[in-house]
Amino acid sequence: MLARFGLFVCVTLTGSYLDATEPSAADVEFFEKRIRPVLAERCYDCHSVSADKVKGGLLLDSRASILKGGDTGPSIIPGDVNESLLIQAVRWSDKDLEMPPKKKLSDAEIADLATWVKMGAPWPAGDAAPVAVRREFKITDKDRAHWAFQPLKKPIPPAVKASAQVANPIDAFIIANLEAKGLNPNPAADRRALVRRAHYDLTGLPPTPQATEAFVADTSPKAWENLNEQLLKSPRYGEQWGRHWLDLVRFAETNSYETDHAKPNAWRYRDYVIRAFNDDKPYDQFIREQLAGDEFAEVTADSIIATGYYRLGIWDADPADKELARYDMLDDIVATTGQVFLGLTVDCARCHDHKIDPIAQRDYYSLLSFFHNVNHYRNGGPTDEVPLPKAAGVVDDAQTKRETKQKELEIEAGEIEEHFRLLTKREKTPPKQIPGIIRKEGAELLGPKVYGRYMKLRAELRDIEKAVTSAGAALAVTEAGAKAPETFILERGNTSSPGAQVTPAFLQVLAPPAPNVTPPQSGKSTGRRTALANWIASSQNQLTARVMVNRIWQHHFGRGLVRSSSNFGTQGDAPTHPELLDWLASEFIASGWSIKAMHRLILTSNTYRMSSRPSADALSKDPRNDHLSHFDMRRLTAEEIRDSILAVSGALNDQMFGPGIYVDIPKEVLAGQSRPGSGWGKSTPQEQSRRSIYIHVKRSLITPILASFDVAETDHSTPVRFTSTQPTQALGMLNSAFINQQANALALRVQKEAGDAVAAQVRLALELVTSRPASESDVQRGLKLITTLREQEHSSPEVALTSFCLLALNLNEFLYLD
């Protein structure tokens, strides 16, 4: 089976199961905020399916139509601004081709369109069909009839012919759909594929050979359920599923922009999320803690830390327009809250009524008013760093280690200071003055070596003192008292053009109740955010449960029942299985909003356990596998790849929680910073071997292996990660210092565990990376490679084995999950 090696990285990384041209989250946001509104407002009257008469045969309401063009040819050439007719037309560079004809677009709008074309004209994935555009805002019966806005009702699972294949109601919904399409479900995957699938989906790590063999040998009827329970109880579960949530809430530990300074104590939010998933915290409570935990009657450490959600966005330390910067911060909160919890692009209504969805500009500012009293972020200080309740006992391993290290450094620095006092006969000088004197005179009197050591000790002590000082505080939200400022609709989003006043209200199209705002007794805030949190977390909310179960499904199957998992509006994708989505949402609420209960339902279905090889019939009738006739193979995520490399090499450090770690980054990458190396520390080799979720997330300096394999973008919410194929992946997996260090570690491991026989070493290396027994042909091909390296390249036995281990870490079977 070494044919499945794919003769290694060159083949492993030159193909992709996903379209590499799919836009990033940032590309989509640019389009939705800067391009679609201009097209809708200035072009669609004449160039859309909604137009009374389409002029020039040109439609501009889908990417396909734009590329096709009209009577004069293609509208744009992606990537080529000057040759694109659309850009020539909006620039009015030809008097016979001036669009829009009555009033030229603004310079900023023209520049945005040119930028968009230069970017390759990104368009939201799945948004291929033209969408009817609103000419005036009015919520219609058709709007209210949209599937996502309907009250949640639990459907009855359908009866199916293949009832023997139904393990639970999920299968009934899936098989009914397949039968209607004339398709058959795949048989179950083999047990080795299943144990690997479960381990990665629930923990993000590969099973050990021992765990694999134990499951394969377990013939009890409850073997699968027992495996799932074991993995759900693992602390690694929270690290894997917490990472999914961090993608959504744009988690990072720095502010972006040129200075990109660190956010104090941002890591506490990451740890809170991991604990929440491990504890199976009810999702409705999880929502309330993040949106309004500081307003609880009984404030806890978790409820304070959770509100760090508000502080995770980008922040400009020196904005040209401070008022605009404040509204940009509020827009980030509205956008993230709307997309993450409700699955709606509410932020598209910042400057005008939403052009597609039934969301008025009034709705946007009514939602913004819930947050309007939030203190503007200032990167530290009393409005951003909130003391944690003393009873919470927030001491952790990292804090204990800091304090131990502090004592060690103080002893060593004290010895140098005492030596200096004796040397300079300053026995009567107050001890507090000695450090300052050493800074001025020490270089000459102590010598460069001792003086350099002393200055380094003092620098380390200052860093630790800062950390210890903030050990009892969390990055959190605060408000400017119990009275909220007035909120006005800003005409075209312009802060200098306030319009009608608005008060807190929920989205009109959902026919919601009026907000019940009760200020907390503390008098520190308005209580508005609590009212919003209670509405979002209500079982009566049409969207919340649907959105979350769709996300859970997405991370088990590679995509949601609604592919546009943060857009349940009319321009998003319709659910492939709407009844199943509603059944799952109803079950979710009935379970007490238990995420682990949803895992159990999904994992015990036969749908989840299907094999991944599609039939010819399925490929012909359902090439995107919308109807789920088989399990979709996927590439491991960036973090799963790095963590798996550490796991199989034996280097993985399973320490949890605490401040982020700093992995080694090549100097060539650091040179790309405005101040190379600024804000990036150095952790010990042992600390660097921790899971990727604990790596310090610096927006301007992403760890190369994670960046290469499509780690989540941090400036905006990332509901779906795209799978790209690019040369840096193959180059990094062959040439980086990290991969070569781990290949060497894997070689040392197999030498130690398999003994001196090279065949046994090869066999063990393959079993570690593939989670299956190595066939004899696999082993022989591995031995042939090692022999060739020794005889033709004159490699030592150790180097040849390390080279083989490097190959093993690049196998398709290692990097892909089926």
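For clarity, every value in this text was computed on a predicted model and none was experimentally measured.

Colleague: Outline the confidence of the model for the chain, supporting the account with residue identities and numerical values.
Modeller: Within the chain, residue pLDDT values average 89, and 93% of them lie at 70 or more. Taken as a whole, residues 1–20 scores under 50 in pLDDT and shows 52 contacts with residues more than four places along the chain or in a different chain. Here residues 391–395 is a poorly scored stretch, pLDDT under 50, and it has eight contacts once near neighbours within four places are set aside; other chains count.

Colleague: Lay out the side chain of Ser-564 with the relevant residues and their values.
Modeller: For Ser-564, the position within the fold is in the loop between α21 (544–557) and α22 (578–590). Given the relative accessible area of 16%, Ser-564 is considered buried. Polar contacts involving the side chain of Ser-564 include one to the main-chain amide nitrogen of Asp-573, which spans 2.7 Å. With sequence-adjacent residues up to four places away left out, Ser-564 is seen in contact with Gly-572 and Asp-573.

Colleague: Lay out the pattern of salt bridges with the relevant residues and their values.
Modeller: Using the criterion set out here, one finds 43 salt bridges in the structure. Between Arg-243 and Asp-247 there is a salt bridge; the shortest N-O distance is 2.9 Å. Taken together, the positions of Arg-243 and Asp-247, both in helix α11 (residues 235–248) and four residues apart, correspond to about one turn of that helix. Each member of the pair, Arg-243 as well as Asp-247, is classed as buried. Each of Arg-236, Glu-239, Arg-642, Asp-643 and Arg-691 takes part in salt bridges that share partners, so that together they form one network.

Colleague: Please provide a residue-by-residue account of the packing of aromatic side chains, values included.
Modeller: A ring pair, where both rings are aromatic, is described by two values, the distance of the centres and the angle of the planes. Counted by the stated rule, this structure contains 31 aromatic pairs. On the basis of an interplanar angle of 50 degrees and a centroid distance of 5.8 Å, the ring pair of Trp-245 and Phe-341 is categorised as tilted. With Trp-245 in helix α11 and Phe-341 in helix α15 (residues 322–342), this pair connects stretches of sequence that are 96 residues apart. Residue Trp-245 is classed as buried on the basis of its relative accessible area of 2%. Owing to a relative accessible area of 0%, Phe-341 belongs among the buried residues under this scheme. The side chain of Arg-197 reaches across the aromatic face of Phe-631, ending 3.6 Å from its centre.

Colleague: Explain helix α30 (residues 737–754) to me, using residue names and the numbers behind them.
Modeller: An ideal rise of 1.5 Å per residue puts 26 Å on 18 residues; α30 measures up with 25 Å between its terminal C-alpha atoms. Those residues of α30 lying buried are Phe-738, Ile-739, Gln-742, Ala-743, Leu-746, Ala-747 and Val-750. If you follow the buried residues of α30, they end up packed against α25 (638–649), α28 (704–708), α29 (727–735), α31 (758–770) and α33 (797–808). Note on α30: the residue one or two positions beyond its end, Gly-755, has a positive phi of about 90 degrees.

Colleague: Pulling in residues and values, what's your account of the packing of helix α16 (residues 361–371) against helix α20 (residues 528–536)?
Modeller: Contact geometry of α16 with α20 gives a least axis separation of 7 Å together with a crossing angle of 120 degrees. One way to sum up the angle between α16 and α20 is to call them oblique. Listed contacts from α20 to Leu-367, Ser-369, Phe-370 and Phe-371 of α16 are Arg-528, Arg-529, Ala-531 and Leu-532.

Colleague: Pulling in residues and values, what's your account of helix α10 (residues 223–233)?
Modeller: If you check which residues of α10 are buried, you get Ala-223, Trp-224, Leu-227, Asn-228, Leu-231 and Leu-232. Elements in contact with the buried residues of α10: α8 (191–203), α9 (209–217), α11 and α23 (595–603).

Colleague: Lay out the side chain of Glu-813 with the relevant residues and their values.
Modeller: Take Glu-813: it is sitting in helix α34 (residues 812–815). For Glu-813, a relative accessible area of 12% gives the class buried. Among the polar contacts made by the side chain of Glu-813, one reaches the side chain of Arg-772 at a distance of 2.8 Å.

Cut-offs used in this document
- Residues numbered from 1 in each chain as written.
- Predicted model: local features only at pLDDT ≥ 70, side-chain atom pairs only at ≥ 80, totals over all residues.
- Heavy atoms only, no water.
- pLDDT = per-residue confidence, 0-100.
- Contact = heavy atoms within 4.5 Å.
- Helix = DSSP H or I, 4+ residues; strand = E, 2+ residues; numbered from the N terminus.
- Buried < 20%, exposed > 50% of the residue type's maximum accessible area, 1.4 Å probe, protein only.
- Polar contact = N/O pair within 3.5 Å; in protein donor to acceptor, adjacent residues only side chain to side chain.
- Salt bridge = Lys/Arg side-chain N within 4 Å of Asp/Glu carboxyl O.
- Phe/Tyr/Trp six-rings, centres within 6.5 Å; stacked < 30°, edge-to-face > 60°.
- Lys NZ or Arg CZ within 6 Å of the ring centre and 35° of its normal.
- Expected span 1.5 Å × (residues − 1).
- Axes fitted to C-alpha atoms, helices over the stretch in contact; angles between N-to-C directions.
- Parallel < 35°, antiparallel > 145°, perpendicular 65-115°, else oblique.

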